[in-house]
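# Structural features, examined
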Amino acid sequence: MPDLVADAMVARLRDWGARRIFGYAGDGVNTLLGALARADEPEFVATRHEELAAFMACGHAKYTGEVGVCLATQGPGAIHLLAGLYDAKLDRQPVVAIVGQVVSTALGSGYLQEVDLHTLFKDVCAQYVQTVFAPEQMPMALDNAMRTALATSTPTCLIVPHDVQKAQMPDELQHGHGVVPSAARFTRPHVIARDADVHRAAELLNGGEKIALLVGRGGMGAEDEIAEIIDLLGAGVTTSLLGKPVLDETAPWHTGVMGHLGTTASAELMAGCDTLLIVGSNDPWTEFYPVPGQARAVQIDVAPRVVGAKYPVDVALTGDAADALSRLAPLIHRKTDRRWQQQVTRWTQHWLGLSAERSDAQHDSANPEFVVRALTDHLPSNARVAVDVGSATYWYARHLRLPSGVPAHVSGYLASMGCALPYGIAAKLDAPDRPVVALVGDGAMQMSGLLELVTIADRWRGWVDPRFVILVLHNQDLAEVSWEQREMEGDARFPASQDVPPFPYADYAELLGLQGLKVSESAQAHAAWQRAFEADRPTVLEAVVDPKTPMLPPLMPETKADTVYAALAQEPDGDAVCERVAVQRRSEPTP
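About the thresholds
- Residues numbered from 1 in each chain as written.
- Predicted model: local features only at pLDDT ≥ 70, side-chain atom pairs only at ≥ 80, totals over all residues.
- Heavy atoms only, no water.
- Domains from an automatic or database assignment.
- 1 Å grid on protein atoms, 1.4 Å probe; cavity = no way out; pocket = protein on both sides within 12 Å on 5 of 7 lines; lining within 4 Å.
- Points joined across faces, edges and corners; volume = space filled by probe spheres on them.
- Helix = DSSP H or I, 4+ residues; strand = E, 2+ residues; numbered from the N terminus.
- Nonpolar A, V, L, I, M, F, W, Y, C, P; charged D, E, K, R; others polar.
- Pairing = 2+ DSSP bridges.
- Axes fitted to C-alpha atoms, helices over the stretch in contact; angles between N-to-C directions.
- Contact = heavy atoms within 4.5 Å.
- Expected span 1.5 Å × (residues − 1).
- Buried < 20%, exposed > 50% of the residue type's maximum accessible area, 1.4 Å probe, protein only.
- Core = buried A, V, L, I, M, F, W, Y, C linked by side-chain atoms within 4.5 Å.

This part is about the domain arrangement of the chain. Reports often express the size of an interface as the amount of accessible area lost when the parts come together. We note that the domain assignment places domain 1 (5-166), domain 2 (195-348) and domain 3 (361-587) within the chain. Taking the mean C-alpha position of each, domain 1 and domain 2 sit 39 Å from one another.

Here it is in structure tokens:
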């Protein structure tokens with residue numbers, strides 16, 4: 001009996017190297033599910049919600065560099081995919097969404113669950129969204145969806161009506177008019193910066209005295225070349241949030257992450273430099289860049305559309321970062337005056353002392369900064385880290401030191417809560433022999449984490465290394481937004497919008513057959529991390545932490561501080577929190 005279109009689609013996905021498909025069942029994709037059941041690969045990974053399937057597909061792309069594939073039925077299933085697909089679009093990750101549709105003869109009739117899927121996906125999958133209307137069209141359309149996702153680093157969408165899935169696939173495609181053959185092949189270009197631009201960049205950098213580097217995730221793979229340039233120039237370096245895993249943060253010239261959730265040392269570096277080299281970064285925190293006109297700038301990026309998009313650069317180098325830097329290094333005159341780099345080291349040392357002081361502060365409950373900082377001493381060298389959006393992002397950015405080679409991912413540009421557990425599951429399924437750590441706030445845990453904890457409980461017995469540690473920062477507050485309300489709006493915290501209901505996270509883990517640990521004071525953190533990494537099963541580490549820990553930008557201007565104080569003055573315990581803010585500001589250098 002000839003294969004159905006659905007069987008041919010599954011085989012074509014195998015040709016593309018797809019190892020798993022993340023999705024949720026529905027009658028609009030039942031034929032595709034049947035084809036997956038008949039095939040050995042790809043593996044179908046059932047999530048608890050379609051949105052989380054799209055986040056897993058994005059996470060798979062982030063940890064592996066491969067195309068992430070997700071599957072959903074028509075109507076509500078398709079709609080639910082959007083948040084995860086926008087995460088892929090904004091963080092430039094290759095994802096293919098395969099979506100069911102009502103039978104093609106019913107399209108336009110107002111059929112049950114009929115949604116105009118082209119309109120729905122035309123923005124998020126702008127580079128390629130196509131409906132398959134005939135068996136002969138399917139291989140070409142799937143090839144184009146996969147190839148375009150890889151070529152543009154964005155999500156694409158293939159819509160397959162139910163009747164087309166069930167149609168018989170011809171043994172061979174006829175060669176003739178209107179039938180377009182294609183191949184399941186893709187190769188990445190190697191983009192090389194022009195020699196003239198490299199020489200102009202060298203001339204500019206040689207003329208600088210106080211040189212700073214901003215390194216983003218595009219610097220991955222160019223670590224040695226970046227280190228050589230830093231040494232030649234006597235420079236200091238900061239990273240974007242997404243670039244945090246690229247370089248060794250223990251280096252004395254490394255000031256840490258830049259931006260609102262960054263370090264005082266990085267703010268001082270950007271405020272004091274006269275020359276800026278941006279490597280593989282399009283960081284959106286433009287107010288933390290040097291003031292336009294303060295610094296001359298060179299930017300290296302493989303994507304031309306990024307160069308000059310966040311700062312008025314003088315020299316643009318479009319090309320592979322490692323290649324461009326290796327050609328740039330021989331043209332750089334080694335700087336003998338190291339006073340600037342020594343100043344950067346002093347800023348860095350001051351920040352390290354300040355961050356230790358903040359994390360050591362005693363609260364009525366555990367200090368969230370200490371709990372995350374303590375992970376540095378216990379994080380395995382082969383771990384993978386997933387970070388959710390919220391207060392966990394701040395403490396990750398400022399306090400967690402990643403061992404060399406440990407990847408960490410967060411929803412960067414979409415900044416969507418609920419990403420960490422689906423990311424972590426994708427990372428674990430890709431490498432079941434490596435431990436995974438997810439850093440999550442209680443708001444994000446209630447948004448989606450409790451759902452995917454069920455998935456972890458269902459799957460962990462098949463993992464070579466069963467360690468999957470979920471830190472839940474339990475403060476019963478959407479803390480990041482509470483502090484944003486104070487800082488950006490001048491409003492007091494609004495309990496009706498900000499309160500997170502209490503939930504027994506550790507006990508729930510035990511109910512699911514996992515290990516549950518609870519920390520209620522900082523002194524318990526190290527022992528809890530040790531127990532979590534010695535466990536023979538996944539662990540939920542519930543840390544009851546203080547929501548009043550300030551989450552404010554480094555070197556905050558006086559006008560912003562006044563706004564925060566005015567907001568806190570309207571809150572019942574505002575005086576005590578004002579004092580915490582004042583202590584933090586007194587310990588920072590004057591902006």
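Before going further, it helps to spend a moment on the layout of surface pockets. Size it by volume and the second largest pocket reaches roughly 370 Å³. Along its surface, the second largest pocket is lined by 20 residues, and Glu287, Phe288, Pro554, Leu555 and Pro557 are the ones closest to its centre. Sort the elements by how many residues they give to the lining of the second largest pocket and helix H11 (residues 264-272) lands first, with four residues. Split into classes, the residues belonging to the lining of the second largest pocket amount to 13 nonpolar, three polar and four charged. Each of domain 2 (195-348) and domain 3 (361-587) gives at least three residues to the lining of the second largest pocket.

Attention now goes to the sheet that holds strand S10 (residues 275-279). Strand order across the open sheet formed by six strands is S9-S8-S7-S10-S11-S12, with parallel pairing between neighbours. Looking at which strands have only one partner, the edges of the open sheet turn out to be strand S9 (254-257) and strand S12 (315-318). In this sheet, adjacent strand axes meet at a mean angle of 15° when their direction is disregarded. Of the strand pairs in this sheet, strand S11 (residues 296-301) and S12 are connected by four bridges, and their pairing is parallel. Bridge pairing in S12 places Val298 opposite Val315. Across the sheet, helix H9 (residues 195-206) lies against strand S7 (211-215), S10, S11 and S12, angled at about 135° from S12, the strand it touches most. Most of the contacts of helix H10 (residues 223-233) go to S7, to which it runs at about 165°, and overall it touches S7, strand S8 (236-239) and S10.

For helix H3 (residues 50-64), with 15 residues, the first-to-last C-alpha span of 21 Å sits near the 21 Å given by 1.5 Å per residue. Within H3, 13 of the 15 residues are buried, leaving the element largely enclosed by the surrounding structure. Note on H3: the residue one or two positions beyond its end, Gly65, has a positive phi of about 80°.

Below, the discussion takes up the nonpolar core. Ranked by internal contacts, the top residues of the largest apolar core, which has 56 residues, are Cys70, Leu81, Leu85, Phe121, Met445, Leu453 and Ile470. In terms of residues, this core owes the most to one element, H3, which gives eight residues. Counting contributing residues, this core receives three or more from each of domain 1 (5-166) and domain 3 (361-587). Contact partners of Phe121, with chain neighbours within four places excluded, come to Ala78, Leu81, Leu82, Leu85, Val99, Ala126, Val129 and Cys157. Phe370, Leu379, Tyr396 and Val581 belong to the second-largest nonpolar core, a separate cluster that totals 50 residues.

A turn of α-helix holds 3.6 residues, and therefore any two residues three or four places apart point the same way. Buried residues dominate helix H16 (residues 420-430), accounting for eleven of its eleven residues. Taken residue by residue, H16 has Ala420, Leu421, Pro422, Tyr423, Gly424, Ile425, Ala426, Ala427, Lys428, Leu429 and Asp430 as its buried positions.

Turning to the sheet that holds strand S2 (residues 43-46), a few remarks are in order. If you trace the six strands from one edge of the open sheet to the other, you get S2-S1-S3-S4-S6-S5, paired in parallel fashion. Each having just a single partner strand, S2 and strand S5 (129-131) make up the two edges of the open sheet. Strand-to-strand twist of the sheet, defined as the mean angle between neighbouring strand axes without regard to direction, takes the value 25°. Bridging between S5 and strand S6 (residues 155-161) involves three bridges; their strand directions are parallel. Across the sheet, the residue bridging to Gln130 is Leu158, located in S6. Packed on one face of the sheet, helix H2 (residues 30-38) meets strand S1 (20-23), S2, strand S3 (68-72) and strand S4 (95-101) and runs near 130° to S3.

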